[in-house]
Amino acid sequence: MTAPVNPEAINLLGFDRKGLAAFFVGLGEKPFRATQLLKWLYQEEVTDFALMSNISKPLRAYLQEHCSISAPEIVVEQKATDGTFKWVMQMHCGNRVETVFIPEENRGTLCISSQVGCALACSFCSTAQQGFNRNLSTAEIVGQLYVAQRRLGKAQRITNVVMMGMGEPLLNFDNVVAAVNLMMDDFAYGLSKRRVTISTSGVVPAMYKLAQECDVSMAVSLHAPTDELRDQLVPINQKYPLVELLAACREYVQSAPRRFITFEYVMLDGVNDSPADARALIKLLHDVPCKMNLIPFNPFPNTRYSCSSAAAIERFKSILHKAGLVTTVRKTRGDDIDAACGQLVGQVKDKSRRHIRLQQMGLLETQEALKHTSSA
Ligand code: SAH
């Protein structure tokens, strides 16, 4: 983070509208100061309090003395041949996370991180091998959008945000909710609720809580049609098995505007990509309003997995499609700069000693062993 002038300064990027209104009321000000400030910060991109002309002079002086606008700092920028950007962002305490921007014809999607590393141990994800350091603050989460949009400038607008970078967003609930509130707030970024997506590995109690508190869109990392296989690929399944996960999904889509869940399904050669797996998925999801997003596996050093063949992916897709499941295959973007799903690594001062444990375990089971537990 850029050092604030006053180390005790209150970082104003850390408040959503409700939090900011409470902050101003605490100063004896009217709550509408919150909407004024949000507009300056996120719409006008003004960082100098002196220029915030509709805010009274004494309040501007107070903000100048006691507050900061402190965002993460881009320390490395890479641009892929397809126009995808990957930024390494410096957080305080030496940690770094990665943020990716994917330009497309009619939209620009920012993929942001919610934690430094990840406490979960999905066996096909490189972030998992980094271990875990800490949750990102609200300012560090919305700050990734703030910094990216300022870097891209007016010519390239960020229209979509997906919480699909490093970390499990629902294990950092309060900070993530405050940050997505800012993204969807008409006085801040004003992104549509359908264009801000939280991706979860399936933290079931937090999914119910989210349904009560926030209208954001939801993607769920499914990756397997049976508990037996999902227990190995997404170990949190051992705590919240498929029957509980799908009940939470059905509940989530009850209230508008969330008409469906997007299920993510990584295509792993010989592990979860057989026609029998596709048929089991159809059965499993028959009563959940959903779309399927197949993700070709993106390799990383030391992984024991490989990506399904194009033919296997096409066959899988067509079985789902024939059963009426809307199914897309995610285009891999930014692969020449390791910016694809599951390849984000940042710089994690691991507190969980995960990588050491993984090494001691010989990096878990072999792919051969996994093949035998697949429902194929
Ligand atoms: N913790 C959240 C966000 C993680 S990343 C979650 O689990 O949903 C977003 C997506 O990328 C998830 O679906 C994740 O399973 C997937 N992913 C992880 N590693 C991958 C890899 N190596 N190749 C392709 N997709 C991967």
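A. Local environment of the nonpolar core. Core analysis: the biggest nonpolar cluster contains 109 residues, and Tyr 42, Phe 124, Val 180, Met 183, Leu 210 and Phe 263 have the highest contact counts within it. Looking at this core, you find at least three residues from each of domain 1 (10-68) and domain 2 (73-375). Look past the residues within four positions of Val 180 in its chain and what remains in contact with it is Met 163, Val 196, Ile 198, Cys 214 and Val 216. Of all hydrophobic cores here, the second largest spans 7 residues; its members include Ala 80, Val 100, Ile 337 and Ala 339.

B. Geometry of the site of the ligand. Residues in close proximity to the ligand total 21 residues, the closest being Phe 124, Ser 199, Ser 221, His 223 and Asn 298. One nitrogen or oxygen atom from the main chain of Thr 200 is found 3.4 Å from an oxygen atom belonging to the ligand. His 223 places a polar side-chain atom, nitrogen or oxygen, 2.6 Å from an oxygen atom of the ligand. Burial of the ligand by the surrounding chains reaches 96%, relative to a free accessible area of 540 Å². Of all the secondary structure elements, the ones that give two or more residues to the shell around the ligand are β10 (196-200), β12 (261-267) and β13 (290-296).

C. Up close: the packing of helix α6 (residues 173-184) against helix α7 (residues 204-213). For the pair α6 and α7, interaxial distance at closest approach is 12 Å and the crossing angle is 35°. Between α6 and α7 lies a crossing whose hand is right-handed. Where α6 approaches α7, its residues Phe 173, Asp 174 and Val 177 are matched on the opposing element by Ala 206, Lys 209, Leu 210 and Glu 213. Of the residues that constitute the contact of α6 with α7, the class distribution is 4 nonpolar, no polar and 3 charged.

D. Structural view of helix α5 (residues 138-152). Its 15 residues place the ends of α5 21 Å apart at the C-alpha level, agreeing with the 21 Å of an ideal helix rising 1.5 Å per residue. Most pronounced at Gln 144, the bend in α5 amounts to some 25°. The buried fraction of α5 is high, at 13 of 15 residues. At the C-terminal side of α5, Gly 153 shows a positive phi close to 80°.

E. Looking closely at the sheet that holds strand β4 (residues 85-90). Read across the open sheet, the 10 strands follow the order β3-β4-β5-β6-β9-β10-β11-β12-β13-β14; overall the sheet is mixed. Looking at which strands have only one partner, the edges of the open sheet turn out to be β3 (73-79) and β14 (326-329). Ignoring which end each strand starts from, the neighbouring axes of this sheet average 20° apart. Where β10 lies against strand β11 (residues 217-221), 4 bridges are found, and the strand directions are parallel. Following the sheet pairing, Thr 200 is matched in β11 by Val 220. Set on the sheet, helix α9 (residues 242-252) makes contact with β11 and β12; between it and β12 the angle comes to about 140°.

The rules behind each value
Residues numbered from 1 in each chain as written. Predicted model: local features only at pLDDT ≥ 70, side-chain atom pairs only at ≥ 80, totals over all residues. Heavy atoms only, no water. Core = buried A, V, L, I, M, F, W, Y, C linked by side-chain atoms within 4.5 Å. Buried < 20%, exposed > 50% of the residue type's maximum accessible area, 1.4 Å probe, protein only. Domains from an automatic or database assignment. Contact = heavy atoms within 4.5 Å. Near = heavy atom within 4 Å. Polar contact = N/O pair within 3.5 Å; in protein donor to acceptor, adjacent residues only side chain to side chain. Areas by Shrake-Rupley, 256 points an atom, 1.4 Å probe, with all protein chains shown as cover. Helix = DSSP H or I, 4+ residues; strand = E, 2+ residues; numbered from the N terminus. Axes fitted to C-alpha atoms, helices over the stretch in contact; angles between N-to-C directions. Left-handed = near helix turned anticlockwise from the far one by under 90°. Nonpolar A, V, L, I, M, F, W, Y, C, P; charged D, E, K, R; others polar. Expected span 1.5 Å × (residues − 1). Bend = angle between axes of the 7 residues up to and from the residue. Pairing = 2+ DSSP bridges.

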